[in-house]
Amino acid sequence: MFLPCTRAEMQQLGWDRLDVILVSGDAYIDSPFIGVAVIGKLLVREGFRVGIIAQPDPAGTDIARLGEPLLFWGISGGSVDSMVANRTASGKRRKSDDYTPGGRNTRRPDRAVIAYANLIRRHFKNTVPLVLGGIEASLRRLAHYDYWDNRVRRSILFDAKADYLLYGMAERAVAELAHALADGRDVTGILGLCFAAAERPPDALILPEYATVAEDKQAFIAMFQTFYDNNDPCTARLLAQRQDSRFLIHNPPQPPLSTDELDAIHDLEFEREVHPFDGQSGPIPALATIRFALTTHRGCYGECNFCAIAIHQGRTIQERSIESIVREARILAAHPGFKGIIADVGGPTANMFGFECAKKLARGACRDKRCLYPTVCPSLRIDHGRLITLLRQLRQIKQVKKIAVASGIRHDLILADKKNGLAYLRELVRHHVSGQLKIAPEHSEPEVLATMGKPGPEGLLRFRDLFMRLTREEGLDQFLTYYLIAAHPGCTQASMERLRDFCRQKLHIRPRQVQLFTPTPCTWSTLMYWTQTDPWTGAKCFVEKEAAARERQKSVLTGPASRSNTPATQPKLASSRKGRQRK
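Residues numbered from 1 in each chain as written. Predicted model: local features only at pLDDT ≥ 70, side-chain atom pairs only at ≥ 80, totals over all residues. Heavy atoms only, no water.

## Points about a positive patch on the surface
(1) Moving on: Taken together, the side chains of Lys-359, Arg-363, Lys-369 and Arg-381 present a region of like positive charge at the surface.
(2) Moving on: With respect to the helices, strands and loops of the structure, Lys-369 is situated in the loop between helix 15 (358–363) and helix 16 (385–395). (Patch = residues over 30% accessible without salt bridge, like charges linked within 9 Å, V, L, I, M, F, W, Y side chains within 5 Å. Areas by Shrake-Rupley, 256 points an atom, 1.4 Å probe, with all protein chains shown as cover. Salt bridge = Lys/Arg side-chain N within 4 Å of Asp/Glu carboxyl O. Lys, Arg positive; Asp, Glu negative; His and termini not counted. Charge placed at Lys NZ, Arg CZ, Asp CG, Glu CD. Helix = DSSP H or I, 4+ residues; strand = E, 2+ residues; numbered from the N terminus.)

## Things to note about the nonpolar core
(1) Moving on: The biggest cluster of nonpolar side chains holds 124 residues, and the ones touching the most others in it are Trp-73, Leu-132, Leu-390, Leu-394, Ile-409, Leu-425 and Phe-463.
(2) Moving on: Filtering out sequence-adjacent residues up to four positions away, Leu-425 remains in contact with Ile-414, Phe-463, Leu-466, Phe-467 and Leu-470.
(3) Moving on: The next biggest cluster of nonpolar side chains, apart from the first, holds 50 residues, and it includes Phe-48, Ala-173, Ala-178 and Phe-247. (Core = buried A, V, L, I, M, F, W, Y, C linked by side-chain atoms within 4.5 Å. Buried < 20%, exposed > 50% of the residue type's maximum accessible area, 1.4 Å probe, protein only. Contact = heavy atoms within 4.5 Å.)

## Considering the packing of helix 18 (residues 421–432) against helix 20 (residues 457–473)
(1) Moving on: The N-to-C vectors of helix 18 and helix 20 enclose an angle of 55 degrees; their axes lie 10 Å apart at closest approach. With respect to helix 20, the element helix 18 is oriented oblique. The handedness of the crossing between helix 18 and helix 20 is right-handed. Between helix 18 and helix 20, the residues in contact are Leu-422, Leu-425, Arg-426 and Val-429 and Phe-463, Leu-466, Phe-467, Arg-469, Leu-470, Thr-471 and Glu-473, respectively.
(2) Moving on: Its residues placed into classes, the contact of helix 18 with helix 20 shows 7 nonpolar, 1 polar and 3 charged. (Axes fitted to C-alpha atoms, helices over the stretch in contact; angles between N-to-C directions. Parallel < 35°, antiparallel > 145°, perpendicular 65-115°, else oblique. Left-handed = near helix turned anticlockwise from the far one by under 90°. Nonpolar A, V, L, I, M, F, W, Y, C, P; charged D, E, K, R; others polar.)

## Re the side chain of Glu-319
(1) Moving on: Mapped onto the fold, Glu-319 is located in strand 14 (residues 318–319).
(2) Moving on: Residue Glu-319 is classed as buried on the basis of its relative accessible area, which comes to 16%.
(3) Moving on: Reaching out from Glu-319, the side chain makes a polar contact with the side chain of Arg-386 at a distance of 2.3 Å.
(4) Moving on: With near-sequence residues (within four places) excluded, Glu-319 lies in contact with Thr-259, Leu-262, Thr-296, His-297, Phe-353, Gly-354, Phe-355 and Arg-386. (Polar contact = N/O pair within 3.5 Å; in protein donor to acceptor, adjacent residues only side chain to side chain.)

## Overview of the pairing of strand 20 (residues 513–516)
(1) Moving on: Only one face of strand 20 is covered, namely the face carrying Val-514 and Leu-516; the face carrying Gln-513 and Gln-515 is uncovered.
(2) Moving on: Of the strand pairs in this sheet, strand 19 (residues 479–486) and strand 20 are connected by 4 bridges, and their pairing is parallel. Paired with Leu-484 across the two strands is Val-514, which belongs to strand 20.
(3) Moving on: With helix 21 (residues 493–507) bridging strand 19 and the parallel strand 20, this β-α-β connection has right-handed handedness. (Pairing = 2+ DSSP bridges. Right-handed = clockwise from strand over helix to strand, strands pointing away.)

## Focus: the packing of helix 16 against helix 18
Packed helices, taken two at a time, are described by the angle their axes make and the gap between the axes.
(1) Moving on: Contact pair helix 16 / helix 18: the axes reach a minimum separation of 10 Å and the direction vectors enclose 25 degrees. Considered as vectors, helix 16 and helix 18 are oriented roughly parallel to each other. In this structure, helix 16 meets helix 18 at a crossing whose hand is left-handed. Residue-level contacts link Leu-387, Ile-388, Leu-391, Arg-392 and Arg-395 of helix 16 to Ala-423, Tyr-424, Glu-427, His-431 and His-432 of helix 18.

## Describing the state of the cysteines
(1) Moving on: This structure, assessed with the given rule, holds 0 disulfides.
(2) Moving on: Free of any disulfide, Cys-357 has its nearest neighbouring cysteine sulfur in Cys-377, separated by 6.1 Å.
(3) Moving on: You can call Cys-357 buried: its relative accessible area is 9%.
(4) Moving on: Of all cysteine sulfurs, the one in Cys-194 lies closest to Cys-522, which takes part in no disulfide; the gap is 10 Å.
(5) Moving on: For Cys-522, a relative accessible area of 7% translates into the label buried. (Disulfide = S-S within 2.5 Å.)

## Observations regarding the environment of Glu-551
(1) Moving on: Within the element layout of this structure, Glu-551 appears in helix 23 (residues 547–558).
(2) Moving on: Considered as a pair, Glu-551 and Leu-516 are 35 residues apart in the sequence and their alpha carbons are 7.6 Å apart.
(3) Moving on: When sequence neighbours within four positions are dropped, the list of residues in contact with Glu-551 reads Ser-90 and Leu-516.

## Some details on unusual backbone geometry
Most peptide bonds take the trans form, and the phi angle of most residues other than glycine is negative.
(1) Moving on: Here Tyr-373 and Pro-374 are connected by a cis peptide whose omega angle stands at 5 degrees.
(2) Moving on: Structurally, Pro-374 can be placed in the loop between helix 15 and helix 16.
(3) Moving on: Phi is positive for Arg-111, close to 45 degrees, though the residue is something other than glycine.
(4) Moving on: In this fold, Arg-111 is placed in the loop between helix 3 (82–86) and helix 4 (112–123).
(5) Moving on: Given the relative accessible area of 15%, Arg-111 is considered buried.

## With respect to the side chain of Asp-97
(1) Moving on: Note on placement: Asp-97 falls in the loop between helix 3 and helix 4.
(2) Moving on: In terms of polar contacts, Asp-97 uses its side chain to reach the side chain of Arg-108, at 3.1 Å.
(3) Moving on: The contact partners of Asp-97, leaving out residues within four places of it in the chain, are Gly-103, Arg-104, Asn-105, Arg-108 and Pro-285.

Right, here's the structure in full:
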């Protein structure tokens with residue numbers, strides 16, 4: 001069933017009042033890919049009455065349509081940080097929004113979490129606690145640099161005048177919070193929770209205060225290093241940071257969900273449709289992408305410096321059982337709208353399923369080295385064998401005609417897997433590439449890759465050659481799609497020109513997937529952008545901050561001169577007739 005969005009639906013369920021109301025910057029899609037749907041269904045399973053108000057008008061009265069909850073308001077900006085959803089890297093207002101009816105960017109306010117908190121306070125004086133969650137709150141949970149304001153802002157908990165903030169994926173934490181509030185128990189010890197307090201706990205590790213880090217970039221670096229080092233559940237300490245006259249208290253994170261717990265979340269019943277209340281305003285583009293897709297795991301140990309997944313989902317892979325994934329695939333196949341194609345099988349990175357570092361699981365992530373940078377750590381013991389088994393079992397489902405792996409892959413993991421790497425790539429090439437396979441080298445130049453935390457181009461070329469050889473052996477017309485970034489810290493105009501030459505001379509491509517680096521909260525790359533410093537060496541780091549110059553970096557690859565001088569040697573997907581017949 002859908003969670004209720006109207007009074008009429010509440011009455012049909014026999015509910016006169018809700019325990020929890022979830023407010024979201026997205027339209028309500030009832031899917032395991034949508035955070036408020038998962039949290040809402042989970043709380044219902046725990047015995048609570050939950051409703052959803054999606055994309056309320058900050059200037060209207062829609063926020064009041066379900067009344068006031070008994071326990072708390074849960075506020076999320078949606079599946080994407082609202083500033084990223086609303087603004088391009090150049091600051092222009094986006095016209096489209098995949099999570100809004102009709103696909104038009106007309107209903108999500110800037111700084112949606114703050115806007116919705118203010119809206120609730122305006123209509124419900126002295127109301128029950130406001131609890132912030134989702135990626136917008138998670139990545140803004142302590143003092144952070146904000147690209148759009150070009151300054152360091154306080155924790156969003158303080159700016160929203162909220163009571164609590166749950167960071168990360170938060171399923172276990174929100175259930176604990178709901179039960180504690182229902183029972184009248186103290187909630188301040190819940191892992192994964194942030195709150196404000198007049199005094200700092202005596203056992204807390206003290207971060208430099210907001211007033212200091214807002215002015216002193218070296219203090220900001222020290223603050224972020226301490227924060228980052230205390231995000232692993234095995235080793236994290238309680239943190240405290242003075243924000244004004246009070247302290248932000250940052251509890252250690254929740255332990256990763258077990259396979260059984262993650263399976264149970266995906267066993268919740270989802271409609272995999274847009275709620276009719278939102279659907280009447282037009283189709284929602286995101287639904288086409290997620291309706292018939294499968295999540296195999298969460299988390300990422302890649303730790304790319306520009307990516308926030310490690311801070312939000314964690315550096316430890318939390319995976320589902322093969323049985324659970326196959327069971328969900330059968331549910332997809334029975335859906336009346338299913339046409340035989342599973343759009344994706346993956347996670348943040350498709351091929352991180354089926355293996356983890358035993359040392360990390362026992363003692364936490366290493367502080368002095370990374371799993372994949374500068375090279376793959378030998379302790380990781382990479383093996384794509386279970387992933388091959390999963391894909392083969394999914395292909396046995398009678399109604400399934402095609403399974404795509406649309407999530408990006410780490411090509412360095414395939415090359416490092418001497419046991420099953422080649423076999424996995426052959427499975428992809430033969431069965432799971434829909435014309436193009438996504439990889440993200442991001443750049444070619446060593447000095448830029450170093451600031452990104454990405455490996456060098458040698459492995460990329462080896463992988464390219466291997467992929468093309470297997471593709472030819474299978475008689476298919478397929479190619480690689482390369483994701484590249486311009487204007488990242490450390491990247492100059494000359495760096496982009498060398499990347500252009502690399503693409504021409506080594507990859508033999510005309511780059512199409514190029515994005516400007518967008519500084520987002522809680523990443524190392526954003527820290528470098530703000531401080532213009534390499535945080536590990538203390539050396540100055542070049543950062544292009546002038547808007548026109550940033551655009552010029554991108555145009556080196558995408559501008560008219562690049563198009564006219566670079567042959568488009570890779571076939572277009574629409575012309576892959578032979579490949580379509582084989583697949």
